[in-house]
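Remarks on the overall topology
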Amino acid sequence: MRQPIQYMRRLRGFAHAVVAVAVFAVWAGSAAAQTPPASTPSSGTPAPTRPSPAASAEQNSSGLDAIVATLDRIGGTTRAESVSDGQLDEWREEIAKLRDELRSRIETLQPRLVQAETELKQLGAAPAAGAAPEAPAIAAERARLDRLRGELDATLKQARLLSLRADEIGERIVERRRANFTRQLLTRQSSVLDPAFWSATARASVEDGRDIAELGRTWVAFLRLNGGFVSLFAVLVTLIGATTAVALLRRWSARRERAGEASASRFGRALSALLMFARIVLTLPALVLAGVMTLDALNLLPSRLSAIGFGLVGGLAIASFGRGVGEALFAPEMPQRRLIALDDRAARLLRDHLVWGGRILGLVVFLNVLHQTLFAPVVLTVATSALLSVLVAALLAHLLLRLRPDPSRPDADPRLQWLRAVAWLLVVGIVAALVAGYVGFAAFLAGRLLVVLAIGGLLYIGLVFVNALFDEQLAGDAPGGRALAAMFGLKARGVELIGTLLSAVLRILLVMLAVIPLLGPWGIVATDVFGSMRQALFGFRVGEITISLTTILGAVALLFVGILVVRGIQHWLRTRLLPRAGLEPGLQHSVSALFGYAGAIAVVAIVLAELGIDLQKIAFIAGALSVGIGFGLQSIVSNFVSGLILLAERPIRVGDWVVVKNEEGYVRKISVRATEIETFERASVIIPNSEFITGVVKNWTHANTTGRVTVKVGVAYDSDPEKVREVLLACAREHPQVLQTPPPQALFLNFGESTLDFELRCYLANISFALTVRSDLHFVVLRRFREAGIEIPFAQRELRWRDGQPPEPSAAVT
């Protein structure tokens, strides 16, 4: 067993050495191919001086003049009749740069203008006519600030106007791109049934083959001219190193996949699917990319062959993408890891057809790059699009025929029937477009179908992984959730709430990432989408209001962090500091609660300042709310104010025994709106705070826990009252919970109808034990009375009949 382990260690060391040699060889080749850098200025060169304010203003003006000239040039040329997509792409990039520059200028000028206005307010208004003149220095400073404010305000308004103009030109460019895309999509060409089309394709293919052969001979000559032993050795070492790295990656991924297969959880299966997808997608394209980049870095590839090589990498990546999604999603050979409930035959058919679809699309992409590099005739590009459409339509039709629904199963999902109908309509549409000559439209449908299926499958895997991560691994009762709760001091419910929000955010991001690649062929490229997102992030104006998603997200994050900090400090006060300060529990609760409310108000004020909302403007909101308070929010405000009074005056505290509105129990929590009372039956009663302020409240433990217990008892008229008093006092003095100071009292209260009424009054150190002490005294008094021969009579009644005779039993019953 020791020899194989040593062998693997040596193999791993050899692999590391190979990778290091490959990196050194590529770096040496790249360094030899590059020209030496330009000389840097000497240390004696004087440092640039800071420009003066006049020079800075002149630079701002010249910068805006250059932006105006660029917008005039692009705005005039976009109205031309024929503009290529390449030119539109260049203009769109220029407009994006201008937008960023204008946004930067506005963000720079805005605080400078605010500062100038603030300084002017500090100086105050100029002296009125006839008043005493002010100091010359103050007058000069006011004039300078007035001039600076005017210049900044004019420049800021011009920058905002140019930003609006840039947005308008950008929208016009997007509309032109969409128009060009629609025109190219609906351009009618030769039908696939036209023999002349295929004869022209054959002649162009022959010419294209000659160009490929000539390009191969050119490459051989190029290698003989520029190649050498060192270059070829570097290429070989790089390929060996890349192969070794890929092999190690495949081995690690396979081990993780087997671990995921062994796990019965949905998270384990989703993780195994993602690892399998990554292994398949990164293996072959990474090897080919390493080879192409090595040849290109060593100057062993001409420019045209370099473009073809990268096109080959793109085609292999697309084919590997389709295969990776098919294997990860359907897993025909591993049903225990399958994420979708399918039988083995259906999973195998879906996997095979998706894999072949990815191969077809990758082949077409490579052929288009090859045609573009070789400047092939247009007929070859059209024929390639027609080939894609025919193969995809045939592949889809074959899948539909093989996956026929089972008529013996009545529980078949009706949505599958609609899906089959849509698929057949798609096949018919592609074939009809090819026959009618709309090859571009047919290729668009075929390509979009493959892209939607592949990206949709990967999106499904990602959504399952995110859901399983937060539902199984980071749930409140899971080990990961308990660890997070202990780390951040949260409850299980809080961890689940945060996990739900993060899960929603991640799912939205995954959907957005999946939608962006699908927008390109509709005339909307990813840069347009990112441009809109960037504009929303950095702010856009609606009237006089500037809405910035970045500011909103920052304010939300600041609110979240601030509340967490306040809650953490409040928890520290309640559990660490206040208990060691010697304060009673009720006062500890009040201090921590007031700190929490004050901290929450401070955090909200900071968040409003971050959003740019002046606190003075809150008065208008308060005025609007006063109307609602007058109509429907009186009780809420009353309870809120009452809660603050309870926390400040503390007529009741946490732990007090209170009686309010026929409810009796212990105060467990005092919040802003209501107070929670736990009854002796362990029921929680929520009482509005206003009831404690405006109503009558009986607090047994307000000043202290001392309380009085009374025991009423009646004895027969022939009993000795002095002896009864001695027995009652002895029972009270002997009980350990009864205080001796003040002493117990036995009082002769009344001459009852049939008894002499006595009452035993005694005081307890803790009134919470009143029920137990009263029960103990009842037992002791009854026993002592029986031992002393003192009778406790029961009520007796004497009945007299008017006629002197009792009624008959039957009559009495009647």
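In this report, we go over the structure that sits alongside the text. In this text, all values refer to a predicted model and were calculated from it rather than measured experimentally.

What counts, and at which threshold
Residues numbered from 1 in each chain as written. Predicted model: local features only at pLDDT ≥ 70, side-chain atom pairs only at ≥ 80, totals over all residues. Heavy atoms only, no water. Helix = DSSP H or I, 4+ residues; strand = E, 2+ residues; numbered from the N terminus. Contact = heavy atoms within 4.5 Å. Polar contact = N/O pair within 3.5 Å; in protein donor to acceptor, adjacent residues only side chain to side chain. Expected span 1.5 Å × (residues − 1). Buried < 20%, exposed > 50% of the residue type's maximum accessible area, 1.4 Å probe, protein only. Pairing = 2+ DSSP bridges. Salt bridge = Lys/Arg side-chain N within 4 Å of Asp/Glu carboxyl O. Axes fitted to C-alpha atoms, helices over the stretch in contact; angles between N-to-C directions. Left-handed = near helix turned anticlockwise from the far one by under 90°. Nonpolar A, V, L, I, M, F, W, Y, C, P; charged D, E, K, R; others polar. Patch = residues over 30% accessible without salt bridge, like charges linked within 9 Å, V, L, I, M, F, W, Y side chains within 5 Å. Areas by Shrake-Rupley, 256 points an atom, 1.4 Å probe, with all protein chains shown as cover. Lys, Arg positive; Asp, Glu negative; His and termini not counted. Charge placed at Lys NZ, Arg CZ, Asp CG, Glu CD. Core = buried A, V, L, I, M, F, W, Y, C linked by side-chain atoms within 4.5 Å.

1. A closer look at the environment of valine 83
With respect to the element layout, valine 83 can be found in the loop between helix H2 (53-77) and helix H3 (85-123). Sequence separation between valine 83 and arginine 177 is 94 residues, and the spatial gap between their C-alpha atoms is 9.2 Å. Once residues lying within four places of it in the same chain are set aside, the contact partners of valine 83 are Thr77, Leu88, Trp91, Arg176 and Asn180.

2. With respect to the side chain of arginine 172
You can see arginine 172 is positioned in helix H4 (residues 136-185). Within the structure, arginine 172 has its side chain in polar contact with the backbone oxygen of glycine 75 (distance 3.0 Å). Every residue in contact with arginine 172, bar those within four places of it in the chain, is listed here: Gly75, Thr78 and Arg79.

3. Some points on helix H21 (residues 721-734)
With 14 residues, H21 ought to run about 20 Å at 1.5 Å a step, and its terminal C-alpha atoms sit 20 Å apart, in line with that. For H21, the full list of buried residues reads Val724, Val727, Leu728, Leu729, Cys731 and Ala732.

4. Let's talk about the sheet that holds strand S5 (residues 674-679)
One open sheet accounts for five strands, arranged S6-S5-S4-S3-S7; its pairing is antiparallel. Strands at the two margins of the open sheet, each flanked by one partner only, are strand S6 (684-688) and strand S7 (698-699). Two strands pair when backbone bridges link them, and strand S3 (residues 657-660) and S7 are joined in this way by two bridges, in the antiparallel orientation. Within S7, the residue paired with valine 658 across the bridge is asparagine 699.

5. What about the pattern of salt bridges?
A pair can form between side chains of opposite charge whenever their charged atoms are brought close. Applying the stated criterion across every chain, the model contains 22 salt bridges. Between arginine 351 and glutamate 327 there is a salt bridge whose closest N-O contact spans 2.7 Å. Of this pair, arginine 351 sits in helix H9 (residues 344-373) while glutamate 327 is found in helix H8 (residues 303-330), placing the two residues 24 residues apart along the sequence. With a shortest N-O distance of 2.6 Å, glutamate 678 and arginine 668 are connected by a salt bridge. Within this pair, whereas glutamate 678 is found in strand S5, its partner arginine 668 is found in strand S4 (residues 663-670), the two being separated by ten residues in sequence. Residues participating in the shared-partner salt-bridge network are Glu327, Glu333, Arg351 and Asp352.

6. Topic: the sheet that holds strand S10 (residues 756-764)
With respect to topology, three strands assemble into an open sheet ordered S8-S10-S9, the strand pairing being antiparallel. If you trace the sheet from one side to the other, it starts and ends with strand S8 (707-715) and strand S9 (745-751), each paired once. Averaged over all pairs of adjacent strands, the angle between strand axes in this sheet comes to 25°, irrespective of strand direction. Summarising the sheet, S9 and S10 pair through six bridges and their orientation is antiparallel. Bridging across to S10, phenylalanine 748 finds its partner in phenylalanine 758. Packed onto the sheet, helix H22 (residues 770-788) meets S8 and S10 and runs at close to 30° relative to S8.

7. A closer look at the packing of helix H7 (residues 266-297) against helix H12 (residues 439-473)
The contact between H7 and H12 brings their axes to 8 Å, and the two run at 145°. For the pair H7 and H12, the crossing hand works out as left-handed. Here Arg266, Phe267, Ala270, Leu271, Ala273, Leu274 and Phe277 of H7 come into contact with H12, specifically with Leu458, Tyr460, Ile461, Val464, Phe465, Ala468, Leu469, Glu472 and Gln473. A per-class count over the contact of H7 with H12 returns 13 nonpolar, one polar and two charged.

8. Notes on a positive patch on the surface
Residues Lys491, Arg493, Arg567, Arg574 and Lys669 make up a contiguous surface patch of positive charge. Turning to its location among the elements, lysine 669 is positioned in strand S4.

9. Considerations on the nonpolar core
As a rule of thumb, soluble globular proteins bury nonpolar side chains together. Leu388, Val392, Leu396, Ile430 and Leu434 are the most contacted members of the largest nonpolar core, which has 32 residues in total. Sorting the residues of this core by element identifies H4, H9, helix H10 (378-402), helix H11 (414-436) and H12 as the ones contributing at least two each. If you tally residues by element for this core, the top one is H10, at ten residues. Beyond its immediate stretch of four places on either side in the chain, isoleucine 430 contacts Ser389, Ala393, Ala442, Leu445 and Ala446. In terms of nonpolar packing, the next biggest core, distinct from the first, is built from 26 residues, Val727, Ala770, Val773 and Phe785 among them.

10. Observations concerning the pairing of S6
The alternating pattern of S6 places Val685 and Ile687 on a buried face, while none of Ser684, Ile686 and Pro688, on the opposite face, is buried. Across five bridges, S5 lies against S6 in antiparallel orientation. Pairing of threonine 675 across the sheet is with isoleucine 687, part of S6. What sits between the antiparallel neighbours S5 and S6 is a turn of four residues, in which arginine 682 has the positive phi angle 65°.

11. Things to note about helix H5 (residues 195-226)
Because each turn of an α-helix spans 3.6 residues, side chains separated by three or four positions end up pointing in the same direction. Relative to the 46 Å expected for 32 residues at 1.5 Å per residue, H5 spans 46 Å between its end C-alpha atoms, a close match to the ideal helical length. Those residues of H5 that sit buried are Phe197, Thr201, Ala204, Asp208 and Leu215. Each element contacted by the buried residues of H5 is listed here: H8, H9 and H10. The backbone nitrogen of alanine 196 lies 3.2 Å from a side-chain oxygen of the residue at the head of H5, namely aspartate 194.

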